[in-house]
Amino acid sequence: MASIELSLTEEQRALRAGVLEICKRYPGEYWRDLDTRREYPEKFVTELTEAGYLAALIPQEYGGAGLGIREGGLILETINYSGGNAGACHAQMYIMGTVLRHGSEAQKREYLPKIATGALRLQAFGVTEPNSGSDTTKLQTTAIRKGDRYVVNGQKIFISRVLQSDLMLLLARTTSVDQVKRRTDGLSVFLIDIRDLQGFEVRPLRMMMNHSTNALFFDNVEIPATSLIGEEGKGFHYILDGMNAERILVASDSLGDARWFIEKAVAYSNQRVVFGRPIGANQGVQFAISRSHVSTDAAQLMRDKAAALFDAGQPCGGEANMAKFLGAEAAWEAGNACIDCHGGYGYAEEYDVERKFRECRLYKTAPINNNLILAYVGEHVLGMPRSY
Ligand SMILES: Cc1cc2nc3c(=O)[nH]c(=O)nc-3n(C[C@H](O)[C@H](O)[C@H](O)COP(=O)(O)OP(=O)(O)OC[C@H]3O[C@@H](n4cnc5c(N)ncnc54)[C@H](O)[C@@H]3O)c2cc1C
């Protein structure tokens, strides 16, 4: 039976301390500078990888630490709590799950140990397209089998960390929608080596935050047939299998953001004196921060519940979705309380509040928007009609 631990175990505390130690070497100035230049935190991600943290979820037999999703979440949460941005590297933790669960033994042996050491980076996940965002089954990128290759044609949008990855997990249609029984069939997942791919173009997009996001163009791109993961046509189901891990890990990013905002807001409002007293003595300031703390603790309980169920191998779709929703909303609430109590300084780059405010906003929208989480809860948890 799954049970929620209300405090960290000794091993988890040590894990957190190890990540914090690395994060201390990458203060606000580091992230701020990269944010201005929209550059990837290469040094930070390399150090984190070399210390083994990004291989936390890879089983020991493939060179990883074989830890649970609770520990994976703790690592990401700690990065965001320390003022950094785990969005630069969180995807590797959940993308590799598709390879682990559905890849062949040969694929696992070839890729997972190299991903664990950092010899190969798998940070890119190509799903979203200009004409199919939330409605994934409408995606139009095709991969057509020709002998021992697939030929890929199409476009992707908002695909992050492509220029910083060696490998990408790609979702493409291998059988057209009019030839399958259900539109969720006929999609396939490929693990492709994106170094030196002919006909593949990457166009970086300048986004609201530093997220290394791109538009991708595939023009008769040939990939080996051996890059197919699992069975052809089952890709959508494989991706769905990884959703709970993704939701729990992204909820953890948000929890770290929320805790950073709250700590910063409390410190500032205790020391900033206006009208002869600390601004934190005013209920208008204090209650907004208190409220966001309440939301954050509630979100953490849901994340911990989802993680406990996940790690015990029990169904956790409702909990993982609710954790992602509550986490993103709590971080946004804490971000607003933090920027409000800082007055004009909340908008000044050197305080980092505006940067974290931009960064935390993403998780209300991606990897899935919170409206669709509510749709999931309505349909799958409450048994209401499908709303879309
Ligand atoms: C910085 C960034 C990085 C990203 N990185 C990646 C990546 O690495 N890989 C990848 O594949 N994708 C990535 N994405 C894409 C992201 O997952 C999508 O933006 C998201 O899934 C929503 O798709 P969309 O933008 O097409 O919005 P749409 O699907 O067009 O939806 C627009 C809005 O309409 C609302 N909406 C739509 N349908 C419904 C409905 N039925 N009920 C209620 N409301 C609805 C939602 O609120 C939604 O926000 C990234 C996005 C961003 C912004």
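Cut-offs used in this document
Residues numbered from 1 in each chain as written. Predicted model: local features only at pLDDT ≥ 70, side-chain atom pairs only at ≥ 80, totals over all residues. Heavy atoms only, no water. Near = heavy atom within 4 Å. Polar contact = N/O pair within 3.5 Å; in protein donor to acceptor, adjacent residues only side chain to side chain. Areas by Shrake-Rupley, 256 points an atom, 1.4 Å probe, with all protein chains shown as cover. Helix = DSSP H or I, 4+ residues; strand = E, 2+ residues; numbered from the N terminus. Nonpolar A, V, L, I, M, F, W, Y, C, P; charged D, E, K, R; others polar. Axes fitted to C-alpha atoms, helices over the stretch in contact; angles between N-to-C directions. Parallel < 35°, antiparallel > 145°, perpendicular 65-115°, else oblique. Left-handed = near helix turned anticlockwise from the far one by under 90°. Contact = heavy atoms within 4.5 Å.

*Asks:* Mind showing me how you'd approach the site of the ligand here?
*Replies:* Residues in contact with the ligand amount to 19 residues; listed here are only the nearest, Phe125, Thr128, Ser134, Phe158 and Ser160. Between the ligand and the protein, one listed contact pairs an oxygen atom with a backbone N or O atom of valine 127 at 3.0 Å. Take asparagine 369: an N or O atom from its side chain is 3.5 Å from an oxygen atom of the ligand. In isolation the ligand has 980 Å² of accessible area, and contact with the protein removes 66% of it. Listing elements by their share of the shell around the ligand, those giving two or more residues are strand 3 (149-160) and helix 12 (370-381). If you tally residues by element for the shell around the ligand, the top one is strand 3, at three residues. Broken down by class, the residue content of the shell around the ligand amounts to 10 nonpolar, nine polar and no charged.

*Asks:* For this particular structure, what's the right way to read unusual backbone geometry?
*Replies:* Negative phi values dominate among residues other than glycine, just as trans dominates among peptide bonds. In this model, alanine 366 is joined to proline 367 through a cis peptide bond whose omega is 0°. Topologically, proline 367 is positioned in the loop between helix 11 (353-361) and helix 12. The phi torsion at serine 212 lies on the positive side, around 50°, for a residue other than glycine. For serine 212, the position within the fold is in the loop between strand 6 (200-205) and strand 7 (213-224). One non-glycine residue, asparagine 220, lies in the positive phi region at around 50°. Here asparagine 220 shows up in strand 7.

*Asks:* Would you take a moment to explain the packing of helix 5 (residues 90-102) against helix 6 (residues 105-117) for this structure?
*Replies:* With their axes 11 Å apart at the nearest point, helix 5 and helix 6 run at an angle of 165° to one another. The angle between helix 5 and helix 6 falls in the class roughly antiparallel. When the axes of helix 5 and helix 6 are compared, the crossing they make is left-handed. Residues Gln92, Met96, Val99 and Leu100 of helix 5 touch helix 6, and the partners they reach there are Lys108, Leu112 and Ile115. Looking at side-chain class alone, the contact of helix 5 with helix 6 contains five nonpolar, one polar and one charged residues.

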